[in-house]
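# Structural description and commentary
Listed here are the chains, written in short residue letters.
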Amino acid sequence: MTKHRPKVSRRMSAVQAPIIPVIAELIRSHPGTISLGQGVVFYGPPAAAHEAIRGFFAKPENQKYGPVQGMSRLLELIERKLAAENGIRVGAERRIVVTAGGNMGFLNALFAIADPGDEIILPLPYYFNQEMAIRMLNCTPVFVPTDENYQLRTDLIRAAVNDRTRAIVTISPNNPSGAVYSEDALRTVNAICREHGIYHISDEAYEYFTYGAKHFSPASVQNSEPHTISLFSLSKAYGFASWRIGYMVIPEHLYEAVLKAQDTNLICAPSISQHAAVGALETGSGYCREKLETIGRVREIVLDGLRNLADICRVPEAQGAFYLLLKLDTELDSMMVAERLIREHKVAVIPGKAFGLETGCYLRVAYGALEPETAAEGTRRLVGGLRAVVDA
């Protein structure tokens, strides 16, 4: 009797494998490797987040499902924060939904606005999980180049819009490049979306991580309510990566669709994490901002080290997040270079291919998780490794 193996979804087979677990496995196989790979911060949640869950298990109601959109106290704190820090007013035309991180917010948005065959515009380089999500929903990502400093080319974005376009995605401060988009560019993207009746999905997970630049929220633009979707996360600013808490600000007319998506996939963001998030937001963004001094020092250590590679490596200006996106003067494949850096020099970065940069050798360096001493040693290994790879 012939046995046939059940098939794997063709749709999922076409989706790229997530790069972070691949690099993490290589790091585990080479003990002592310093990771300049995953985008996390060096600190954890504030004390008030721990305090907020102290009595969690004593209340039986906390073991039950919560509201799909999020706890009322957390929603209240988010609304207050949006008004004070982002210039975003939540009222009759806008709603907030608490999500299990920013990635879930992006998926919720796609479920609500797109059908199979629709197109979503992603500036290059893109954040790989967003490209993956678009393909998973049988939509088509449309890639639009940025300039040599990874800034938006709004003329190319406008030219890419057609009848199948449903949204333009911006990430500012940017992952993977660290670029901070100008207010003018973001206003222009928002205007393009309004003109064409499509959505501007604005990912603002790194809103507090800027160095001499100013963050701007497109949803603060007048009359932007019907076509602007804003995504936020506590993962970076509050050291909440594993707690999986984010939130989205959406037009009122998408609220029912988003709740359907969230209820099906998650029901509600983890209740214990929402309680911790209440403590974090009650502490306020000053908690993150005081950590920026350390991250800023680490950033300068990395930049100073990379200046020794000026003849073989271009490091575009990056005024946000905690990333640098290098372009190495070599014809070698970026994944091959990343593997060699781990195996031969015990330092890890992320290959640019994961972010849609198929031509040229690009490498993302993440420095948010490092203390200054580790950053100095990791940069020394990176500089030596890149020099060895290119000169070989």
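See above for the structure.
Parameters and conventions
Counting from 1, residues in each chain are numbered in the order their sequence is written. Where local features are concerned, this predicted model is filtered to residues with pLDDT of at least 70; where side-chain atom pairs are given and counted, the filter is 80 or more; whole-chain, interface and lining totals use all residues. As a convention, hydrogens and water are excluded, and side-chain values are obtained from all of the structure's heavy atoms. Any two strands with at least two DSSP bridges between them are considered paired. Counting from the N terminus, the helices are the DSSP runs of H or I reaching at least four residues and the strands are the DSSP runs of E reaching at least two. Each residue is assigned to one of three classes by its accessible area relative to the maximum for its type, calculated with a 1.4 Å probe on protein chains only: buried under 20%, partly exposed between the two thresholds, exposed over 50%. A helix is expected to span 1.5 Å for every residue after the first. By arc we mean the arc of the directions from the helix axis to the C-beta atoms, nothing more. Any two residues having at least one pair of non-hydrogen atoms within 4.5 Å are treated as being in contact. By convention in these notes, a salt bridge is any Lys or Arg side-chain nitrogen within 4 Å of a carboxyl oxygen on Asp or Glu. Only buried Ala, Val, Leu, Ile, Met, Phe, Trp, Tyr and Cys residues count toward a nonpolar core, and they belong to the same one when joined by side-chain atoms within 4.5 Å. Axis geometry follows a simple rule: fit a line to the C-alpha atoms, using only the stretch in contact for helices, then measure angles between N-to-C directions, giving values from 0 to 180 degrees. The cut-offs work like this: below 35 degrees is roughly parallel, past 145 is roughly antiparallel, 65 to 115 is roughly perpendicular, and the gaps in between are oblique. Crossings are assigned a handedness: left-handed for a near helix turned anticlockwise from the far helix by less than a right angle, right-handed for a clockwise turn. We call Asp, Glu, Lys and Arg charged. Ala, Val, Leu, Ile, Met, Phe, Trp, Tyr, Cys and Pro are nonpolar, and the rest, Gly among them, are polar. Any two rings among Phe, Tyr and Trp, with Trp reduced to its six-membered ring, count as a pair given centres within 6.5 Å; such a pair is stacked if its planes are under 30 degrees apart, edge-to-face if over 60, and tilted if neither. Remark: a charge is flagged as sitting over a ring if the NZ atom of Lys or the CZ atom of Arg is within 6 Å of the ring centre and within 35 degrees of the ring normal.

### Focus on the sheet that holds strand S12 (residues 350-351)
- Overall, antiparallel pairing links the four strands, which are arranged S9-S10-S13-S12 in an open sheet. Edge positions in the sheet fall to strand S9 (313-314) and S12, since each has one partner strand and no second.

### Observations regarding the environment of Glu51
- Its place among the elements puts Glu51 in helix H3 (residues 47-52).
- Of the residues examined, Glu51 reaches a relative accessible area of 44% and is grouped as partly exposed.
- Along the primary structure Glu51 and Ile301 are separated by 250 residues, whereas in three dimensions their C-alpha atoms are 35 Å apart.

### A closer look at helix H4 (residues 72-86)
- The end-to-end C-alpha distance of H4 is 20 Å, a good match for the 21 Å that 15 residues give at a rise of 1.5 Å each.
- Taken residue by residue, H4 has Leu74, Leu75, Leu77, Ile78, Lys81, Leu82 and Asn86 as its buried positions. Looking down the long axis of H4, one finds its buried residues gathered within 160° of arc, a one-sided arrangement. Away from its buried face by more than 90 degrees, H4 exposes Ser72 and Ala84.
- Buried residues along H4 sit against strand S2 (94-99), strand S7 (228-233), strand S8 (246-251) and helix H10 (271-283).
- Downstream of H4 by a residue or two, Gly87 has a phi angle that is positive, lying close to 70°.

### What to know about the pattern of salt bridges
- Scanning all chains against the criterion turns up 23 salt bridges.
- Between Asp118 and Arg166 there is a salt bridge, and its shortest N-O distance comes to 3.2 Å. Note that Asp118 is positioned in the loop between helix H5 (102-113) and strand S3 (119-124) and Arg166 in strand S5 (residues 165-171), a separation of 48 residues in sequence.
- Exposure remark for Asp118: the relative accessible area of 8% places this residue in the buried category.

### Focus on the nonpolar core
- Ranked by size, the top nonpolar core spans 71 residues in total, and within it Leu82, Phe209, Phe240, Phe322, Leu324, Leu382 and Leu386 carry the most contacts.
- Counting residues per element, this core draws most heavily on helix H11 (residues 286-306), at eight residues.
- If we skip the residues at most four places from it in the chain, Phe240 touches Pro45, Ala49, Leu234, Ser235, Ile245, Ser273, Ala276, Ala277 and Ala280.
- Among the nonpolar cores identified, the runner-up in size contains 44 residues, and Ala133, Cys139, Met335 and Phe355 belong to it.

### Digging into the side chain of Gln262
- Relative to the elements of secondary structure, Gln262 occurs in helix H9 (residues 255-265).
- With relative accessibility at 0%, the residue Gln262 sits in the buried group.
- Apart from residues lying up to four places away in sequence, Gln262 is in contact with Val68, Val97, Val98, Thr99, Met104, Asn108, Ile267, Cys268 and Ala269.

### Things to note about the packing of H5 against helix H6 (residues 128-136)
- Contact geometry of H5 with H6 gives a least axis separation of 10 Å together with a crossing angle of 30°. Between H5 and H6, the angle is such that the two are roughly parallel. Handedness of the H5/H6 crossing: right-handed. When H5 is examined against H6, the residues Asn103, Phe106, Leu107 and Leu110 are found in contact with a partner set consisting of Asn129, Gln130, Ala133 and Ile134.
- Looking at the contact of H5 with H6 residue by residue, the class counts come to five nonpolar, three polar and no charged.

### Observations concerning the sheet that holds S5
- The seven strands are arranged S2-S8-S7-S6-S5-S3-S4 in an open sheet whose pairing can be described as mixed. The open sheet has two edge strands with one neighbour each: S2 and strand S4 (140-145). The sheet shows a mean angle of 20° between the axes of neighbouring strands, direction not considered.
- The sheet contact formed by S3 and S5 spans three bridges and is parallel. Looking at the pairing, Glu119 lines up with Thr165 of S5.
- With respect to the sheet, H4 is in contact with S2, S7 and S8, its orientation differing from that of S2 by roughly 120°.
- Packed onto the sheet, H9 meets S2 and S8 and runs at close to 10° relative to S2.

### Overview of the pairing of strand S13 (residues 361-366)
- Of all six residues in S13, six are buried; the element is thus mostly enclosed.
- Side chains Cys361, Leu363 and Val365 of S13 all project onto a buried face; the interleaved residues Tyr362, Arg364 and Ala366 project onto the opposite face, where all are buried too.
- Bridging between strand S10 (residues 323-328) and S13 involves six bridges; their strand directions are antiparallel. Bridge pairing in S13 links Leu324 to Val365.
- Pairing analysis gives two bridges linking S12 to S13, with the strands arranged antiparallel. Residue pairing in the sheet places Pro351 in a bridge with Leu363 of S13.

### Some thoughts on the packing of aromatic side chains
- Across all of its chains, the model carries 13 aromatic pairs by this definition.
- Aromatic side chains Phe209 and Phe322 sit 5.1 Å apart centroid to centroid with 90° between the ring planes, which places their arrangement in the edge-to-face category. On the criterion of sequence distance, the pair formed by Phe209 in the loop between strand S6 (199-203) and S7 and Phe322 in the loop between S9 and S10 is long-range, its members being 113 residues apart.
- Aromatic side chains Phe322 and Tyr323 sit 5.2 Å apart centroid to centroid with 55° between the ring planes, which places their arrangement in the tilted category.
- Phe322 sits in the buried class, given a relative accessible area of 0%.
- With a relative accessible area of 1%, Tyr323 lands in the buried category.
- Cation over ring: Arg95 sits above Tyr255, and NZ or CZ is 3.7 Å from the ring centre.

Read these as spatial facts, not as claims about activity.
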